[in-house]
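Residue-level structure breakdown
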Amino acid sequence: MECLTSLCPQGSQIHTVRWTILTALQHRKTHFPRESDGGSFDWFKSYSDISYIIHELVPDKSARILMLGCGNSRLSEEMYDDGYKNITNVDYSSVVIDQMQRRHMTLRPGMEWMVADVRELPFTAGTFDVALDKGTMDAMMTTKGDVWDPPEQAIRDCNREVDDALRVLSPTGLFLYLTFGQPHFRKRYLSKRDTQLEVRQLGETFHYYFYILRRQ
């Protein structure tokens with residue numbers, strides 16, 4: 001939880017929205033493997049909200065894209081329909097991967113779906129041009145503890161995700177991360193050797209952040 005009570009009073013709109021998102025993330029982490037209704041769930045920012053950034057950062061629509069913790073979000077399908085046909089989706093839930101395979105096998109046959117742990121990806125070095133995380137790291141951080149001093153397990157998990165994503169990226173690859181987490185809480189996981197980090201703030205009243213990690 002990035003919004004401290006001392007900065008965001010209990011009655012404030014921002015405090016309420018942040019707790020709503022955090023509750024949704026915890027629900028996904030706890031219940032997502034058992035979901036079987038075939039629906040979609042996006043807890044913040046649709047592709048239409050960020051497509052202009054994707055177009056800027058990934059102008060080549062044949063780029064090899066890895067979706068980290070895809071869930072049953074519509075992000076992959078909307079990117080595919082926008083021309084990004086080379087997308088590999090991974091998630092820890094075999095139930096969700098099976099659902100998504102069946103949902104898209106006819107209309108989007110080029111997309112790949114795989115059960116995998118984002119902390120230990122089953123790909124060789126240099127397999128992808130882009131790795132995209134939309135809230136997956138946030139889900140790994142929905143554990144009890146001090147936001148200024150998170151549990152060691154959460155720290156290890158987040159670092160392992162970023163490290164392994166960088167491993168499977170090409171020498172000029174991009175790690176893209178969309179989150180509501182402010183830089184002073186997230187940079188610790190994204191400050192890596194031989195990389196350059198850029199942070200863009202999105203939104204007005206309630207801010208989201210788009211982290212762009214480039215290999216050098």
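For the structure, check the block above.
These lines cover the structure that appears in this document, whether it is placed above or below. (Residues numbered from 1 in each chain as written. Predicted model: local features only at pLDDT ≥ 70, side-chain atom pairs only at ≥ 80, totals over all residues. Heavy atoms only, no water.)

**A closer look at the overall build of the protein chain**
Summing up its helical and strand segments, the protein chain has seven helices and seven strands in all. Overall, the protein chain shows an N-to-C arrangement of helices and strands of α-α-β-α-β-α-β-β-α-α-β-α-β-β. Buried residues in the protein chain amount to 50% of all 216 residues. The contacts of the protein chain with a sequence gap of at least 6 include a subset with a gap of at least 24, amounting to 69%. Of the roughly 10,400 Å² of accessible surface on the protein chain, a fraction of 52% belongs to carbon and sulfur atoms. (Helix = DSSP H or I, 4+ residues; strand = E, 2+ residues; numbered from the N terminus. Buried < 20%, exposed > 50% of the residue type's maximum accessible area, 1.4 Å probe, protein only. Contact = heavy atoms within 4.5 Å. Areas by Shrake-Rupley, 256 points an atom, 1.4 Å probe, with all protein chains shown as cover.)

**A closer look at the packing of helix H6 (residues 152-167) against helix H7 (residues 183-190)**
For the pair H6 and H7, the least separation of the axes is 8 Å and the interaxial angle reads 60°. As summarised for this structure, H6 and H7 are arranged oblique, according to the angle between their axes. The segment H6 lies against H7, with Ile-155, Cys-158, Asn-159 and Val-162 engaging Arg-188, Tyr-189 and Leu-190. Classifying every residue of the contact of H6 with H7 by side-chain character gives five nonpolar, one polar and one charged. (Axes fitted to C-alpha atoms, helices over the stretch in contact; angles between N-to-C directions. Parallel < 35°, antiparallel > 145°, perpendicular 65-115°, else oblique. Nonpolar A, V, L, I, M, F, W, Y, C, P; charged D, E, K, R; others polar.)

**Topic: the nonpolar core**
Residues Ile-54, Met-79, Leu-176 and Phe-210 are the most contacted members of the largest nonpolar core, which totals 32 residues. Where this core is concerned, the elements lending two or more residues are helix H2 (47-57), strand S1 (65-68), helix H3 (75-81), helix H4 (94-104), strand S4 (128-134), strand S5 (169-179) and strand S7 (208-215). The greatest single-element share of this core, amounting to five residues, is contributed by H2. Setting aside its immediate chain neighbours within four residues, Leu-176 contacts Ile-54, Leu-57, Val-58, Val-130, Ala-131, Leu-132, Asp-133, Phe-210, Tyr-211 and Ile-212. Leu-66, Val-118, Val-162 and Leu-213 belong to the second-largest nonpolar core, a separate cluster that totals 26 residues. (Core = buried A, V, L, I, M, F, W, Y, C linked by side-chain atoms within 4.5 Å.)

**Here we look at the pairing of S5**
For S5, the tally of buried residues reaches nine of 11 residues, placing the bulk of the element in the interior. One ladder, built from six bridges, connects S4 with S5; its direction is parallel. Bridging from a neighbouring strand, Val-130 pairs with Leu-174 of S5. Relative to S7, S5 runs antiparallel, the two being bridged by six bridges. Bridge pairing in S7 links Leu-174 to Arg-214. (Pairing = 2+ DSSP bridges.)

**Digging into the packing of aromatic side chains**
As enumerated under the stated definition, the model contains four aromatic pairs in all. Note on Phe-123 and Phe-128: the rings are 4.9 Å apart at their centroids and 85° apart in plane angle, and the pair reads as edge-to-face. Using a relative accessible area of 14% as the deciding quantity, one classes Phe-123 as buried. We classify Phe-128 as buried; its relative accessible area is 4%. Ring centres 6.5 Å apart and planes at 45° place the aromatic pair Tyr-209 and Tyr-211 in the tilted group. Accessibility expressed as a relative area gives 1% for Tyr-211, which makes it buried. Feature note: the residues Tyr-177, Tyr-209 and Tyr-211 constitute an aromatic cluster, connected by ring pairs. (Phe/Tyr/Trp six-rings, centres within 6.5 Å; stacked < 30°, edge-to-face > 60°.)

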